[in-house]
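The residues making up each chain are set out below.
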Amino acid sequence: MENGQYRRTEHHLVLLFDELDRLSELFDLGAKSIDFDIKGNKTLKKNAVNTMHGVSICTHSFVNVSLKGIVAHNAIEIQTMISDLARHGATTCYVTRMLVEWQDGRIDQWKRSTISSIAQYVKRSSGIARRNVLTITRPTPDELVPLGTRYGDLASPTNCPIDYVEGNEVRTCAGLQKMW
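Residues numbered from 1 in each chain as written. Predicted model: local features only at pLDDT ≥ 70, side-chain atom pairs only at ≥ 80, totals over all residues. Heavy atoms only, no water.

A. Region of the structure containing the state of the cysteines. Counted under the stated rule, the structure contains 1 disulfide. With its sulfur 2.1 Å from that of its partner, Cys160 forms a disulfide with Cys173. Residues Cys160 and Cys173 are joined by a disulfide whose S-S torsion is about 110°; by sign, that bridge is right-handed. Of this pair, Cys160 sits in strand 7 (residues 155-165) while Cys173 sits in the segment after strand 8 (168-171); the two residues are 13 residues apart in sequence, bridging distant segments of the chain. (Disulfide = S-S within 2.5 Å. Helix = DSSP H or I, 4+ residues; strand = E, 2+ residues; numbered from the N terminus.)

Okay, structure coming up:
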């Protein structure tokens, strides 16, 4: 405790994508299955009608996706899902939670975290900027090394000192580092 504030450090492995079109790359690395949740919104059409005296009645048509517990066992299942969603206009879906099971039985759990300083490094095919990224958190940087070697160029580590200011966590993260 320092001047009434507590401090700790989180060590994150950051996945360098969060959209569906790259999930199949995990199968190329040897994933057995991927269990994930997705969300997304895509505007289809906006109209303003009956504009009179500065008042407009507006309509907004959009596709809203919120799917949980999807399990894919190969890249073809991922591509089929992307095609099905695209047919309905849903082209900007992103992963919010993911469990990756490997052939040897190991399971990695990825969670969505708000790390705005790191989000700029995440490649998103939709071009939509988000402050959130998928991360795995570990207490020490050494525990990230085996995970990093498994994911290779698809992930990078960072460390995030956490300060508590007026009861709120304030996370300040370093840039991405290359450790493997």
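B. The environment of Val145, seen in detail. Within the secondary structure layout, Val145 lies in helix 4 (residues 144-151). For Val145 and Ser61, which are 84 residues apart along the polypeptide, the C-alpha to C-alpha distance reads 45 Å.

C. A look at the pattern of salt bridges. Across all of its chains, the model carries 14 salt bridges by this definition. For Asp18, the salt bridge identified is with Arg124, shortest N-O distance 3.1 Å. One end of the pair, Asp18, is in the loop between strand 1 (7-15) and helix 1 (25-28); the other, Arg124, is in the loop between helix 3 (116-119) and strand 6 (132-138), with 106 residues separating them in the sequence. Both residues of the pair, Asp18 and Arg124, belong to the buried class. Taking the shortest distance from any N to any O, the salt bridge between Arg130 and Asp18 comes out at 3.2 Å. (Salt bridge = Lys/Arg side-chain N within 4 Å of Asp/Glu carboxyl O. Buried < 20%, exposed > 50% of the residue type's maximum accessible area, 1.4 Å probe, protein only.)

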